[in-house]
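Coordinate inspection notes
Residues per chain are reported as follows:
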Amino acid sequence: MGGLDDLYQDLILDHYRRKRGEGSLESPTVAVDQNNPLCGDEIHLELNIVDGRVTEIAHTGEGCSISQASMSMMSEALVGKTLEDALEVVEHFRMVMHGSEQGDEDRLGDANALEGVAKYPVRVKCALLGWMAAKDAIQTYQRDSEEVA
Amino acid sequence: MSTAAAIDVVALRADFPILSRTVHGAPLVYLDSAATSQKPTAVLDAMDAYYRETNANVHRGVYELAAEATSRYEAGRDSVARMIGAPRESVVFTKNATEAINLVAWAWGVRNLRAGDEVLITEMEHHSNIVPWQIVAGITGASVRFAPVTPTGELDMDAFEGLLSERTRMVGVVHVSNVLGTINPVAEISRLAHEQGALVLVDGSQSVPHMPVDVPALGCDFFAFTGHKMLGPTGIGVLVGRPELLEDMEPFLGGGEMISNVTQAGSTWADLPWKFEAGTPPIAEAIGLGAAAEYLMAVGLDAVRAHEIELTAHMLEALGQLEDITIFGPRDPAARGGAVSFSLPDLHPHDIAQLIDQDGVCVRAGHHCAKPLMRVLGVGATARASTYLYNSREEIDVFVRALGKARAAFK
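Residues numbered from 1 in each chain as written. Chains lettered and ligands numbered in written order. Predicted model: local features only at pLDDT ≥ 70, side-chain atom pairs only at ≥ 80, totals over all residues.

Focus: the pairing of strand 10 (residues 237-241) of chain B
Residue and element names in this part refer to chain B. Counting buried residues along strand 10, five of its five residues qualify, which places the element largely inside the surrounding structure. Here strand 10 shows no split at all, with Gly237, Leu239 and Gly241 on one side and Val238 and Val240 on the other all buried. Here strand 9 (residues 222-226) runs beside strand 10; their pairing, made up of five bridges, is antiparallel. Paired with Phe223 across the bridge in strand 10 is Val240. (Buried ≥ 20, exposed ≤ 12 C-beta atoms within 10 Å, placed from the backbone. Helix = DSSP H or I, 4+ residues; strand = E, 2+ residues; numbered from the N terminus. Pairing = 2+ DSSP bridges.)

Spelled out as structure tokens, the structure:
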């Protein structure tokens, strides 16, 4: 599979085989569904948010190795972050996928290994699925808390 | 089954320029003809010649060029009509099969469906034969019902008959499933539907390119298919309608070309089929589609179908050797078309398509515009390999070897 080495690195396949954060939370603060209309991937993402910080992330659903590995890496990268920081990391990851920023391993963690996906435009959507779900979840939470306040 | 000469794949492949290219350094193995077919030189040349030699608008000018353009455009219609055994006035050119179905949904459905009426379709429809009916149901208050698919991927005819009632006004059914390959008994379905007073629309996008189809003999009222899956260009499709129904229907789109007379007080419509062809039509595309129909008739649709059965038998057998593979749809090659969907427990369809692309193999991964069917099958997506007259047994072997290699790499 010569040319695909950067797409299917060991670290990515490891996250695909042993997904971090797979499962459900008891009573999540916020939960969202996201799907990729092009390929049929469907995911469900749950966050616990305490004092403006993401404390737990869990996900279920199905998808290709890239979308599932990316979801797993996202779960590790965002947990413990404030909502603002988490949104900033999501945006950074998005820019990396679009080839507009160099990946910053300090912020992305293992997800930095996905940098090579940017070379495969049809797979960028796969890699972004979980991250867009996280952004949607955080923004949904922020909107709802504003309405309450 | 066939008196036609068997297809000489090696000789025939020379007619398709794209088949000699490589992908990632490997010879192209194109197994996605259910999505779109490749084009023979005869089609490319016919379209090129129109633009180079006779480009003019049709049905307007009195000058020689316009007359030649019109005659080539209408000759395209004659070729298509001959291929499917339908009278030329029943052959309406549209943009694609989707537009052909939308034409019926809007021009017939909006004016004839009422609250309480039902449109009966099947769980194996392509989105193009689901969504237009949902939209029109939303406008009219009619409802859309789905006849179920059996675990072996066939239409459940008992359930279909159970759902058919005097409330059913339209039955929409795919002739050959783009996911399962299933060939539906559309003549029987038409008979049953007509007993209840319902009309029948058949989506023939996956049948017309691959087998002899005599549309009037099916007994349906409307029949839709597309050009680009039958060696023709994109941008042109066909709606075949029973002439008396088309006569009774109001136009779908209004504009130039489709009128008899226009006054400030109102307008009257052109004769069939032009009443349904508003605006400048896809002229080069109709000429290209005509060339495609002529090419297929010259090869012989019996021979095309016999070749498909042979390749499908080989495909089912070769894929069947793979451990833990799930193959969807009927297993009898003679009872199905050449699109074979499958899944592997350890490799997502997207990864399959990406990995074997490295070996030059093109297969489709995804929901194939049939999300309700994916839900029935209990999967989010499948991989699908689909053959056509230019594919060989050897290409199927290359594909199955690439699949084995991809699997090993992912272990």
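Section: the sheet that holds strand 1 (residues 30-35) of chain A
Residue and element names in this part refer to chain A. Within the open sheet, the three strands sit side by side as 1-2-3. Their pairing is antiparallel. If you trace the sheet from one side to the other, it starts and ends with strand 1 and strand 3 (53-62), each paired once. With direction set aside, neighbouring strand axes in the sheet form an average angle of 20 degrees. Relative to strand 3, strand 2 (residues 42-50) runs antiparallel, the two sharing nine bridges. Paired with Ile49 across the bridge in strand 3 is Val54. In the packing of helix 2 (residues 65-78) onto the sheet, the strands contacted are strand 2 and strand 3, and the crossing angle to strand 3 comes to about 170 degrees. Against the sheet, helix 5 (residues 121-148) touches strand 1, strand 2 and strand 3, its axis set at about 140 degrees to strand 1. (Axes fitted to C-alpha atoms, helices over the stretch in contact; angles between N-to-C directions. Contact = placed C-beta atoms within 7 Å.)

Re the domain arrangement of chain B
All names here are of chain B. Split into domains, chain B comes out as domain 1 (9-30 + 300-410) and domain 2 (45-297). Spacing between the C-alpha centres of domain 1 and domain 2 amounts to 28 Å. Tallying the contact residues gives 23 residues for domain 1 and 23 residues for domain 2. Those elements that provide at least two residues to the side of domain 1 that touches domain 2 are helix 11 (301-320), strand 14 (339-343), helix 13 (371-377) and strand 17 (382-386). For the side of domain 1 that touches domain 2, the class distribution of residues is twelve nonpolar, six polar and five charged. (Domains from an automatic or database assignment. Nonpolar A, V, L, I, M, F, W, Y, C, P; charged D, E, K, R; others polar.)

Comments concerning the environment of Thr382 of chain B
All names here are of chain B. Its place among the elements puts Thr382 in strand 17. Along the chain, Thr382 and Val62 lie 320 residues apart, while their C-alpha atoms are 53 Å from each other. Setting aside residues no more than four positions away along its own chain, Thr382 makes contact with Val179, Phe328, Ser341, Phe342, Ser343 and Pro349.

Let's talk about the sheet that holds strand 4 (residues 91-94) of chain B
Residue and element names in this part refer to chain B. Strands sit in the order 4-10-9-8-7-5-6 across an open sheet of seven strands; the sheet is mixed. Every other strand in the sheet has two partners, leaving strand 4 and strand 6 (143-147) as the edge strands with one partner each. Averaged over neighbouring strand pairs, the angle between their axes works out to 20 degrees when direction is ignored. Taken together, the four bridges between strand 4 and strand 10 define a ladder with antiparallel strand orientation. Within strand 10, the position partnered with Val91 by the bridge is Val240. Each of strand 5 (118-122), strand 6 and strand 7 (168-174) touches helix 5 (residues 131-140); the most contacted strand, strand 6, lies at about 145 degrees to it.

A word on the interface of chain B and chain A
Residue-level contacts link 15 residues of chain B with 14 residues of chain A. Those elements that place two or more of their residues in the side of chain B that touches chain A are helix 12 (349-357), strand 16 (364-366) and helix 13 of chain B. The element that contributes the greatest number of residues to the side of chain B that touches chain A is helix 12 of chain B, accounting for four residues. Looking at side-chain class alone, the side of chain B that touches chain A contains five nonpolar, eight polar and two charged residues.

Overview of the packing of helix 2 (residues 41-54) of chain B against helix 10 (residues 283-299) of chain B
Each packed pair of helices is defined by two parameters, the angle between the axes and the distance between the axes. All names here are of chain B. Where helix 2 meets helix 10, the axes come as close as 8 Å, and the angle between the chain directions of the two elements is 150 degrees. Crossing of helix 2 against helix 10: the hand is right-handed. Contact with helix 2, carried on its side by Ala42, Val43, Ala46, Met47, Tyr50 and Tyr51, involves Ile283, Ala284, Ile287, Gly288, Ala291, Ala292 and Tyr295 of helix 10 and no other residues of that element. Residues belonging to the contact of helix 2 with helix 10 are distributed by class as follows: twelve nonpolar, one polar and no charged. (Left-handed = near helix turned anticlockwise from the far one by under 90°.)

A word on the pairing of strand 14 of chain B
All names here are of chain B. Of all five residues that make up strand 14, five are buried, and the element is covered over most of its length. Neither face of strand 14 is open: one carries Ala339, Ser341 and Ser343, the other Val340 and Phe342, and all of them are buried. As judged from the two bridges shared by strand 13 (residues 326-327) and strand 14, these two strands associate in the antiparallel manner. Each bridged residue has a counterpart across the sheet, and for Ile327 the counterpart in strand 14 is Phe342. Examined bridge by bridge, strand 14 and strand 17 share four bridges and lie antiparallel to one another. Within strand 17, the position partnered with Ala339 by the bridge is Ser386.

Focus: the packing of helix 11 of chain B against helix 14 (residues 393-410) of chain B
Residues and elements named next belong to chain B. At a minimum axis separation of 10 Å, helix 11 and helix 14 run at an interaxial angle of 20 degrees. The orientation of helix 11 relative to helix 14 falls into the category roughly parallel. Considering the relative orientation of helix 11 and helix 14, their crossing is right-handed. Touching Leu311, His314, Met315, Ala318 and Leu319 of helix 11 are Arg393, Ile396, Asp397 and Val400, all from helix 14. For the contact of helix 11 with helix 14, the class distribution of residues is six nonpolar, one polar and two charged. (Parallel < 35°, antiparallel > 145°, perpendicular 65-115°, else oblique.)

A short note on the environment of Ala134 of chain A
Residue and element names in this part refer to chain A. Mapping Ala134 onto the fold places it in helix 5. We classify Ala134 as buried; it has 27 C-beta atoms within 10 Å. If we skip the residues at most four places from it in the chain, Ala134 touches Leu45, Met74, Leu78, Ala86 and Val90.

Concerning helix 5 of chain B
Residue and element names in this part refer to chain B. Along helix 5, the positions that sit buried rather than exposed are Pro132, Trp133 and Val136. The buried residues of helix 5 all sit within an arc of 95 degrees when viewed along its axis, so they share a single face. Looking at the packing, one finds that the buried side of helix 5 touches helix 4 (97-112), strand 5, strand 6 and strand 7. Phi turns positive one or two residues past the end of helix 5, at Gly141, with a value near 85 degrees. (Arc of directions from axis to C-beta.)

Some details on the nonpolar core
Ranked by size, the top nonpolar core spans 127 residues in total, and within it Leu201, Ala224, Val238, Leu296, Ile356 and Phe399 of chain B carry the most contacts. Counting residues per element, this core draws most heavily on helix 10 of chain B, at eleven residues. Split by domain, this core shows at least three residues from each of two domains, domain 1 (9-30 + 300-410) and domain 2 (45-297) of chain B. Beyond its immediate chain neighbours, meaning those up to four positions away, Ile356 of chain B contacts Val361, Val363, Phe399, Ala402, Leu403 and Ala406 of chain B. Grouped together as the second largest cluster of nonpolar side chains are 39 residues, Tyr8, Met97, Ala133 and Ala137 of chain A included. (Core = buried A, V, L, I, M, F, W, Y, C linked by C-beta atoms within 7 Å.)

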